[in-house]
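Residue-level structural notes
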2 protein chains.
Amino acid sequence: MGEHTVASFDEELQSIDRLLCDMGELAASMVDDATRALLSTDAALAQRIISDDAIMDAKQRELDDKAITLIARRQPMAQDLRAVVSAIRMAGDLERIGDLAKNIAKRVGAVGLTSTPTSLSYSIESMAELVHRQVKKVVDLYVAREAEALVPLRVEDEKIDIKYTAIFRELLTYMMEDPRNITSCTHLLFCAKNLERIGDHVTNIAENAYYVMTGKQLPMARPKTDETVMAGANA
Amino acid sequence: MGEHTVASFDEELQSIDRLLCDMGELAASMVDDATRALLSTDAALAQRIISDDAIMDAKQRELDDKAITLIARRQPMAQDLRAVVSAIRMAGDLERIGDLAKNIAKRVGAVGLTSTPTSLSYSIESMAELVHRQVKKVVDLYVAREAEALVPLRVEDEKIDIKYTAIFRELLTYMMEDPRNITSCTHLLFCAKNLERIGDHVTNIAENAYYVMTGKQLPMARPKTDETVMAGANA
C-alpha cells in the first residue's frame, strides 16, 4: 500500500500537517456547534456533533498511521522527528477536544431549554466563544508557523478559567435557590468544566506547536489551578 | 550523553518498559491515596498526591525522551516500532490517571468530612476500589504479557460506569434534600466523574497493550456511554 509512490519526506510531512489542520477546523466547529446545540436545545445539531466525533477519531487514526509509517520508512532525525512526534501529540489533543464537545452535545437532552436562566446562558455562551476562539487561533498560528504569537494564548486560557469559576458559583446559586434546578445545573456544570478542559488542551497544543517551531519550551509554565476546588464549602 | 554506551535495542526497550511499570505503580497508588485522602479528609496525604503528580510528569517526559531517541537512533521497524509508540501512548494515559487522582486530592478541602453521608462514602469507596484494581491489573497484565486476560477489563469498566451512575443519582438526592449539601456534593460529583474517567484510561491502556502483544485491536469496541447524560431532567 503506497509503497509504489515515491513522495518526498516534505510532501509526506505536509500531508500529515493537512490532516492536523482538518482536525483543528473540525474541533473548532464542534466546540461552536456543541454550545449552540446546548443553548438552543437543538437535538439534531447535537446528533451531528456525535457523528463528527467519529470522523475526528478516524482522522486521528489516519494521522497516527501516516506518522508512524513515515518514522519507520524515512527514519527522520532531530527536527523532522520532532515535527512528526509533535503532530501525533497535537492530534491527540484535538481528538480530546472533539470528545469533550461530543460530551457537551450528549447533555443537550438532559439540560433542557426552560431550566437555563438567561444570565447563565449568556455566561456559558461568552465562555464558549473564548474557548472556540482559542481553538481556532492555535490551529491558525500553527499553520502560519507563528511561534511567538502562541505565547499569549496562555494568558487567554486564564480568562477561561476565571469565567469557569464564575459559572461554577452561579450554578451553585441556582441549585440552592430551587432544588428543581439541581439536575439541569449539574449537567451544565459538567459542560462548563468540559469547556474549561478544552482550554487546557489548547494550551497543550500551543506548547507542542511552539516546541516544533523553536525546539524550546513555551515560556513560563503557569501553575494550573481550578479555583473552584479551592473555593471550599463556603463557595 | 549516553552516546558512549552501547546498549542493545532490547535493553533500551526494557528500560522504557520499566519506566512504564513505575508509572503504573505510581498511578495505582495515587488513585488509592486520593480516595483515602478524600474520605478521611487527610490534607497531608492530599498534598503528597499533588507532589506525586510532579514525579509522574517527570517520568512521562523521561519515557518520551527515551522512546523518541530510541526511534531516531535505532530506527526500529514494524513490531518494535509498535512497541515504542504504544509505550508513549500508555505513558500518556498513566499521566492522565495521575492528573485525575491529583484533581481528586485537590478537592479534599472543598468536600469536608462531616458533609459526606456514610452510605455515600461507602459507594465512592467501592467504586474507587474497583478503579484501583483495574489500574493495577492492566499494568500487571502488560508486564506479564498476558494479552487475552486484558479482554475482560472492558466488562469490568462497565461495572465502574454503573457504579458512577448510581453515585450520580445518590448525590442529586442529597443535594435536593438539603441545599447545604450542594457545594460538597458538587465536588464529590467531580471526584466520582474523575474515577469514571480513570476507568476509561485503563481501557485505553488495555487497548494499546493488547495491540503491542498481538498486533490486533482489542475485540469489540463497546460504545462508551455515560448513563447520567441520558438520565434527563427527571433523574
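In this report, the structure presented in the accompanying data block is examined. Treat the numbers as computed from the prediction; the structure is a model and nothing was measured.

**Some remarks on the nonpolar core**
Counting residues in each nonpolar core, the largest one holds 160 residues, and the members touching the most others are Ile97, Leu150 and Leu195 of chain A together with Ile97, Leu150, Met175 and Leu195 of chain B. Setting aside its immediate chain neighbours within four residues, Ile97 of chain A contacts Ala27, Val31, Val135, Ile198, His201, Val202 and Ile205 of chain A.

**Notes on helix α3 (residues 78–106) of chain B**
In a regular helix each residue adds 1.5 Å, so 29 residues correspond to 42 Å; α3 of chain B covers 42 Å between its end C-alpha atoms and thus fits that length. By the criterion of burial, α3 of chain B is predominantly enclosed, with 23 of the 29 residues buried.

**Notes on the packing of helix α2 (residues 43–74) of chain A against helix α3 (residues 78–106) of chain A**
All names here are of chain A. Running from N to C, α2 and α3 point in directions that differ by 165°, and their axes come no closer than 9 Å. With respect to α3, the axis of α2 lies roughly antiparallel. The way α2 lies across α3 gives a crossing that is left-handed. When the residues that make up the contact of α2 with α3 are grouped by side-chain class, the tally is 16 nonpolar, three polar and seven charged.

**A word on the relation of the copies chain B and chain A**
Overlay of chain B on chain A (RMSD 0.0 Å): rotation 180°, translation along the axis 0.0 Å. Here the two chains are linked by the operation of a two-fold rotation axis. Among all C-alpha atoms of chain B, that of Gln75 of chain B lies closest to the rotation axis, at 2.9 Å. Both copies contact each other with a shared surface, as 100% of the interface residues of chain B are interface residues in chain A too.

**Focus on the packing of α3 of chain A against helix α7 (residues 182–214) of chain A**
All names here are of chain A. It is the contact of α3 with α7, at a shortest axis distance of 9 Å, that shows an interaxial angle of 170°. In terms of their interaxial angle, α3 and α7 are classed as roughly antiparallel. When grouped by side-chain class, the residues that make up the contact of α3 with α7 number 15 nonpolar, eight polar and five charged.

About the criteria used
Residues numbered from 1 in each chain as written. Chains lettered and ligands numbered in written order. Predicted model: local features only at pLDDT ≥ 70, side-chain atom pairs only at ≥ 80, totals over all residues. Heavy atoms only, no water. Core = buried A, V, L, I, M, F, W, Y, C linked by side-chain atoms within 4.5 Å. Buried < 20%, exposed > 50% of the residue type's maximum accessible area, 1.4 Å probe, protein only. Contact = heavy atoms within 4.5 Å. Helix = DSSP H or I, 4+ residues; strand = E, 2+ residues; numbered from the N terminus. Expected span 1.5 Å × (residues − 1). Axes fitted to C-alpha atoms, helices over the stretch in contact; angles between N-to-C directions. Parallel < 35°, antiparallel > 145°, perpendicular 65-115°, else oblique. Left-handed = near helix turned anticlockwise from the far one by under 90°. Nonpolar A, V, L, I, M, F, W, Y, C, P; charged D, E, K, R; others polar. Least-squares fit on C-alpha atoms with pLDDT ≥ 70 in both.

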